[in-house]
Amino acid sequence: QSPFSHGTTPNTKNNHALTGAAPGKRANATFITLARNSDTWEIAKSIRHIEDRFNRKYNYDWVFLNDQPFDEQFKKITTRLVSGKTKYGLIPKEHWSFPEWIDQDKAAAVREDMRQRKIIYGDSVSYRHMCRFESGFFFEHELLAEYEFYWRVEPSIKLFCDVDYDPFLYMKENKKKYGFTLSLYEYKDTIPTLWETTKKFMAEYPQHIAEGNSMKFISDNDGKDYNNCHFWSNFEIGSLNWLRSPAYRDYFKYLDKAGGFFYERWGDAPVHSLGAALMLKQEEIHFFDNIAYWHVPFTHCPTSEEDREKYKCSCNPKDNFDWKGYSCTSRFFEMRGWEKPKGWEYQMN
Ligand code: GDP
Ligand code: MN
């Protein structure tokens, strides 16, 4: 038994004949959830959505991570609901604490300032540890070492359509490294120097910048300024091997040294997004249009009426965020040279 692990439940549920599991091969993949014990009932709802719409037929594993030990009730309820194996890990201290080079007084002064300016989560220490962990460490956890792909699931999310194919296998077979459903503009106040720091990184590590990257998605003037577009990382299907690559690891290390997780309030969404936009080829980033998704306060609902019928969707198409003013998804389409799907105009407002 390793010091990080709270043990693994044996998989006695994955009997295809009994469960009606989809035949065929699987990818080497897992769901991944960061949660507290107090999230038990909200993650239970998320699991139910994922299982009902997808995983009951695919039985992928689910890894849960926490900075505190999970309690028996959390493990019991989640293991009861997941059709694959469940695994529970403790986050090592170095991945959830202040690095020694951070000036504590300076960090505390920033939190007080952000509290007064009412910047969302601006006064929170734990939120900063969470963002730093999701930016640079979750994929280093030993429980994820055996997997190639992950699907991140947060408490209180919803899925609105059947997922009648395997998105993990899709990623593998189409050489995708990062998948998203929603994109939007980040609050500038949380990341004042993230782009300057990223530009310095690009100058020092030109070998990590991909040809055919997505600079057009994140900048309107060829990289001079960041337009604040990012993929919303509470949903992600991605490649762990990419996050564990020297390119992404060097990027995170560089950002972590600069201190912006504590001297500002850098989120994991802009960090993953800038990494993906600069280090991957455009074609390696996938828009999962047919995964209809809600995390407060935004909905992704497929624009196509045929898809909504085919996948038995329960979302109101008017709620689809993709073509509204605060979404970046139309920029993604423009970059790729794609036509917007039929009916998008009706969802603009
Ligand atoms: P938001 O979506 O940005 O409003 O942030 P959330 O409160 O949903 O947090 C993002 C993710 O991190 C969720 O999966 C939470 O369960 C998890 N999380 C946030 N704070 C903590 C924490 O202090 N400890 C643990 N273990 N998980 C946390
Ligand atoms: Mn959340």
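Our subject is the structure listed above.
Overview of the structure. Computed from a predicted model, the values in this text were never measured in an experiment. (Residues numbered from 1 in each chain as written. Chains lettered and ligands numbered in written order. Predicted model: local features only at pLDDT ≥ 70, side-chain atom pairs only at ≥ 80, totals over all residues. Heavy atoms only, no water.)

**A few points about the pairing of strand S3 (residues 61–66)**
Taken across its six residues, S3 has six buried, putting it largely inside the fold. Alternating residues of S3 divide into Asp 61, Val 63 and Leu 65 and Trp 62, Phe 64 and Asn 66, and every residue in both groups is buried. By the bridge criterion, five bridges tie strand S2 (residues 29–34) to S3 in an arrangement that is parallel. Bridge pairing in S3 links Ile 32 to Val 63. Sheet analysis places S3 next to strand S4 (residues 86–90), joined by five bridges and oriented parallel. Each residue of the ladder has a partner; that of Leu 65, found in S4, is Gly 89. With helix H3 (residues 72–81) bridging S3 and its parallel neighbour S4, the resulting β-α-β unit is right-handed. (Buried < 20%, exposed > 50% of the residue type's maximum accessible area, 1.4 Å probe, protein only. Helix = DSSP H or I, 4+ residues; strand = E, 2+ residues; numbered from the N terminus. Pairing = 2+ DSSP bridges. Right-handed = clockwise from strand over helix to strand, strands pointing away.)

**A few points about the state of the cysteines**
Per the counting criterion, the structure on display carries three disulfides. The partner cysteine of Cys 229 in its disulfide is Cys 328, sulfur to sulfur 2.1 Å. Its S-S torsion of about -85 degrees marks the bond between Cys 229 and Cys 328 as left-handed, since a negative value means left-handed. Linking Cys 229 in strand S9 (residues 229–231) with Cys 328 in the loop between helix H13 (305–310) and helix H14 (329–336), this pair joins segments that are 99 residues apart in sequence. For the pair formed by Cys 229 and Cys 328, the shared burial category is buried. (Disulfide = S-S within 2.5 Å.)

**With respect to the pattern of salt bridges**
Evaluation of the coordinates by the stated rule reveals 22 salt bridges. Put simply, Arg 152 and Glu 154 hold a salt bridge, and the shortest N to O gap is 2.8 Å. Look at Arg 152 and you get buried, because its relative accessible area is 6%. Each of Glu 134, Arg 152, Glu 154 and Asp 268 takes part in one network of salt bridges that share partners. (Salt bridge = Lys/Arg side-chain N within 4 Å of Asp/Glu carboxyl O.)

**Focus: the packing of helix H7 (residues 194–204) against helix H10 (residues 246–258)**
At a closest axis distance of 10 Å, the pairing of H7 and H10 adopts a crossing angle of 130 degrees. Put simply, H7 runs oblique to H10. H7 and H10 meet at a crossing whose hand is right-handed. Along its contact with H7, which presents Leu 194, Thr 197, Thr 198, Lys 200, Phe 201 and Glu 204, the element H10 presents Ala 247, Asp 250, Tyr 251, Tyr 254, Leu 255 and Ala 258. When its residues are assigned to classes, the contact of H7 with H10 shows seven nonpolar, two polar and three charged. (Axes fitted to C-alpha atoms, helices over the stretch in contact; angles between N-to-C directions. Parallel < 35°, antiparallel > 145°, perpendicular 65-115°, else oblique. Left-handed = near helix turned anticlockwise from the far one by under 90°. Contact = heavy atoms within 4.5 Å. Nonpolar A, V, L, I, M, F, W, Y, C, P; charged D, E, K, R; others polar.)

**Notes on the nonpolar core**
Judged by nonpolar contacts, the single largest core of 59 residues is most densely connected at Phe 138, Tyr 178, Ile 218, Tyr 248 and Tyr 251. With 36 residues, the next largest nonpolar core counts Ala 35, Trp 151, Val 153 and Ile 237 among its residues. (Core = buried A, V, L, I, M, F, W, Y, C linked by side-chain atoms within 4.5 Å.)

**Here's the deal with the environment of Gln 73**
When you line up the elements, Gln 73 lands in helix H3. Each C-alpha atom of the pair Gln 73 and Asn 37 lies 8.3 Å from the other, and the pair is 36 residues apart in sequence. Apart from the residues lying within four places of it in its own chain, the contact partners of Gln 73 are Thr 40 and Trp 41.

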